[in-house]
Amino acid sequence: MHSPERQFNALTPDQEKKNGPSHTPETTTENVPIAETESAMSYLGVSLEKSKSGDGQFVPKREQYEDFINDKDVALPLQRDIAVALLSGEPLLVDGGTSLGKTTTVRKMAAELGWEIHYANLNGATDVEDLMGRYIPNPHKNKPEDPEYIFADGKVTSGLRQEEGKVKVVILDEFNASAPNILIRLHEVLDSLERSGDVILSEDASEAVSVNKERTKIIALMNPPGKGYFGREPLDPAQLRRWVYKKLPSELPEGTFSYSTDALFGAEPASQNVTPDMFLKAREEALTPEQLQEVPGMREVLEKYKEFHKAAKELLKNRKVAEDQPQPFTFDDRMEPRRVRDFVLRFYTGDINDTFQQALRYYYANKLESEADRKKLGELIRLVEYKPKVAESKRKGTEREEKKKTAEEVKPEAKKAEIVPETKLEGPVAEQIEVAIEKLGKENVFGPKEIEKIFGVRLAEVPEIPFSVEELERAEKLGQMLLLRVDKTAEGKPMSLEAMAEIMTKRWKDEEKGDLLNTADSWKSWVGEELFTKESPRTGWALVLKDVLPESLSKNYLEQTEVIITTLKNEAFKDMDVPEEYAKAIAEFEFKKAKLAKLIKKDWKKAAKELSELKITQMTRQTFPETIYDLATYYDANSERLLSDKYAWSASLRPGGSLVSLGRFGASGVDGSGCFPGVRFGFLGVSLSRRL
Amino acid sequence: MSHTSNPKSIEEFLFVMQGGKEVGLVIAKNEEELASFAKVMDGFDFKLSENIADLFKFPKTYFVVTPDMDKDVYDFIVQYPTGQVEIFDKKLMQSQTLSPDYKKQGIILLVDKDNLNKIQEKGFDLLGNTGPAFQS
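The structure contained in this document is the topic of the report that follows. (Residues numbered from 1 in each chain as written. Chains lettered and ligands numbered in written order. Predicted model: local features only at pLDDT ≥ 70, side-chain atom pairs only at ≥ 80, totals over all residues.)

Some words on the overall build of chain B
Scanning chain B from terminus to terminus reveals five helices and seven strands. Walking chain B from its N terminus toward its C terminus, one meets helices and strands in the order α-β-α-β-β-α-β-β-β-α-α-β. Per-residue burial over chain B gives 43% buried out of 136 residues. Sequence separation of at least 24 residues holds for 65% of the intrachain contacts in chain B that already meet a minimum separation of 6. (Helix = DSSP H or I, 4+ residues; strand = E, 2+ residues; numbered from the N terminus. Buried ≥ 20, exposed ≤ 12 C-beta atoms within 10 Å, placed from the backbone. Contact = placed C-beta atoms within 7 Å.)

The following block contains the structure:
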């Protein structure tokens, strides 16, 4: 028998030692409402990079916000939504009562990010030049040739000018108390910013100031018109279309007031507990519109979004929502779809329904003040979803009906591979097993009889085979066997490595069939006592490849997963819809793929853990005990050792964090190796194993 | 914004309002009372500021508000509780930013009732944007 330790070293040349524990300075930001790392701040999952300069007179001081209360109903969602706007560079208009702390919240975030604040209160300001700049007598004139007048920036212009390493936020406070001529000028600025073009300073002989929404962010704040706020007139809804409009309550909600007060007096923590659904997660790199087309269900969701938009506009037009809101607004036909698209590109999480619905809550429901209105719109938002077509194979126990599609409904891809109805396995399990034997051959089917013979376990009830006749036929072409796994021994103990080794040692010793594992002790120390003595295979039927997929050799773990997905689509589920569970697992993988590729290089342990936890990994790779169980079963029945010269990479992690691979099954037993997920070897592949 | 509930005297008010996160407001009935309040404040080491930039020069300052007050005053009051105050000098077209030291600072606006009404009507909501207030 080969020592697992020796084999481990051969396959993973000191990778674990070299990498050692992760030294990344980043702290875990998951589920922490406001999280901070050395280089970024995260507001309910929306991460913003800190400024490299991080200092200067316009950057608010952090110590001013030490008693800031992060309540879950106003302060935290507001910070999240502001963060989304800051991330995208969209101008944000926040409408809410004066006691909600709008300006303080923006300044507090700027203090944490080291960003500059350029503040202009528009109430009573009548002079555009105060904001945009004007000529003033030259205060530095010393010589006759010095100009008499120089141009000096206004409050807004200084916020627009780009400076190395600086991010600037321009606050336009009391926006709706502004004079009309100022609003017109500011809207010209917004338009330039949207194009990341130039702002032409008509105040300065048409100087062109280059602006960039990555560097300059605009946030307008206003109190609701009327409602006791003197001099605030409703803005023209057409002007509002330039802004992402967020409506806050006119007064602090009772629950928020109560919590904030308790927190101020130390009776509650400064940060309130939040629920996971409040978090957003931005992608490291936004998708491209082309990539969006590859997202499963995109087309269906898009159609439903268009219906939603029309319905939302109708609700608004008929005053079924926002009836009491003094500030009129629209759901703009051009701006909202563009914003929703950009949101999806930036925040797509692998679940198109979830991402799309979050976008609609952000750009549509956020404009509504009352809970009742939000609920009304929320019901419409929930309809914007993609329901994958579930493949109704045998496992569902119903005969699939031929799908009737109109010519328009049949997409070109679908035409080339006509969907064929699946044939369920019918009758008692014994008959199902007979069909399986017919399709796969007796030597490749291990049902209750074989399991009793090999492991001594008699099942009181045998589960039905969850695969269709066609799936078994495809499995035969792939080179798979069908076996029934059990998780308990005859004595009711876990069918662990320890238990399997004990059973096989007794049986094979008499027959001189060699070993399953070398010495139990060395394996126990290698995989850890917990895994060795307690972890067992997942009960149920499984289709397992007897070899590794040839295309998966010389590929790292991530690349192998891509091979698995290709095999599923082109072979295992050929001519049928990919079942919903698999579609979701594939979408999750596609979403995380780029990040995982980077993580493998940066922090292999974290990458290994995330890779092992992927749905697609759990659904298509054997766990450590399953590989041993499968190898033992086939060898015991057929006296042929599978994986005699190769290794299959499993879904299990070693205590040290590496991913376990098993193989080179010889007379002295199975070898085990812990592998760093980025390695590629000519003898290391993946054995497609699926239970659904 | 919160307001104190009728402190017994201007002296008591001056004592309790220090250390607050908002600018205080003292409302006099008329010019005569305004002058007497100013005298008391002087006695409590509050320094009269002629312009907004001077409000941070001393730990305790007050500013007399008139209907033709510069808009900077309003901008100052509104920003004071937000942790940072940006004051813009229109003549020099320059900004100055200040960070209030709430624990050590006390800033009061002194105004008589008539003037306060005029200012409120102009759209500058002093009552809504100041914190503790006193009137006899």
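On we go.
Points about the overall build of chain A
Looking only at helices and strands, one finds 26 helices and 20 strands in chain A. Within chain A, the fraction of its 692 residues that count as buried is 45%. The long-range share in chain A, meaning contacts at least 24 apart out of those at least 6 apart in sequence, stands at 76%.

Observations regarding the interface of chain B and chain A
Facing the 22 residues of chain B at the interface are 31 residues of chain A. Only helix 3 (71-79), strand 4 (85-89) and strand 5 (94-98) of chain B provide two or more residues apiece to the side of chain B that touches chain A. The biggest single contributor to the side of chain B that touches chain A is helix 3 of chain B, with five residues. Partitioned by chemical class, the residues of the side of chain B that touches chain A number seven nonpolar, 10 polar and five charged. (Nonpolar A, V, L, I, M, F, W, Y, C, P; charged D, E, K, R; others polar.)

Things to note about the nonpolar core
The tendency in soluble globular proteins is for nonpolar side chains to be buried as a group. With 173 residues, the main nonpolar core has Leu93, Ile171, Ile219, Leu360, Met500 and Ile628 of chain A as its most contacted residues. Two domains each provide a minimum of three residues to this core, namely domain 1 (56-69 + 85-255) and domain 2 (429-690) of chain A. The residues contacting Ile219 of chain A, other than those within four sequence positions of it, are Ile82, Leu92, Val94, Val106, Val169 and Ile171 of chain A. By size, the runner-up hydrophobic cluster in this structure holds 37 residues, among which are Leu25, Leu55, Leu116 and Phe124 of chain B. (Core = buried A, V, L, I, M, F, W, Y, C linked by C-beta atoms within 7 Å. Domains from an automatic or database assignment.)

Remarks on the sheet that holds strand 15 (residues 540-545) of chain A
All names here are of chain A. The strand order across the open sheet built from four strands is 13-14-15-20, with neighbouring strands paired in mixed fashion. Strands with a single pairing partner mark the edges of an open sheet, and in this sheet they are strand 13 (445-446) and strand 20 (689-690). Across six bridges, strand 14 (residues 480-485) lies against strand 15 in antiparallel orientation. Within strand 15, the residue paired with Leu484 across the bridge is Trp541. (Pairing = 2+ DSSP bridges.)

Details of the environment of Phe44 of chain B
Here Phe44 of chain B is to be found in the loop between helix 2 (31-43) and strand 2 (47-48). Here the alpha-carbon distance between Phe44 of chain B and Lys60 of chain B, two residues 16 residues apart in the chain, equals 8.7 Å.

A closer look at the sheet that holds strand 18 (residues 669-675) of chain A
All names here are of chain A. Taken together, four strands build an open sheet; the order of strands is 18-17-16-19 and the sheet is mixed. Edge positions in the sheet fall to strand 18 and strand 19 (684-685), since each of these pairs with one other strand and no more. Bridge analysis of strand 17 (residues 659-666) against strand 18 gives six bridges, and the strand direction is antiparallel. Its bridge partner lying in strand 18, Ser661 is registered against Ser673. Of the strands in this sheet, strand 16 (647-653) and strand 17 are in contact with helix 24 (residues 604-613), which crosses strand 16 at around 95 degrees. In this fold helix 26 (residues 624-638) packs onto strand 16, strand 17 and strand 18, with an angle of close to 15 degrees to the strand it touches most, strand 17. (Axes fitted to C-alpha atoms, helices over the stretch in contact; angles between N-to-C directions.)

With respect to helix 17 (residues 448-455) of chain A
Residues and elements named next belong to chain A. Among the residues of helix 17, those classed as buried are Ile451, Ile454 and Phe455. On an axial view of helix 17, the arc spanned by its buried residues comes to 75 degrees, and they lie on one face. Lining the buried residues of helix 17 we find strand 13, strand 14, helix 19 (497-511) and helix 26. At the exit of helix 17 stands Gly456, carrying a positive phi of roughly 75 degrees. (Arc of directions from axis to C-beta.)

Observations concerning the pairing of strand 4 (residues 92-95) of chain A
Residues and elements named next belong to chain A. Of the two faces of strand 4, both are covered, the one formed by Leu92 and Val94 as well as the one formed by Leu93 and Asp95. Where strand 4 meets strand 11 (residues 216-222), four bridges bridge the pair, whose relative direction is parallel. Among the inter-strand pairings, Leu92 is bridged to a residue of strand 11, identified as Ile219. Pairing analysis gives four bridges linking strand 4 to strand 12 (residues 244-247), with the strands arranged parallel. Residue pairing in the sheet places Val94 in a bridge with Lys246 of strand 12.

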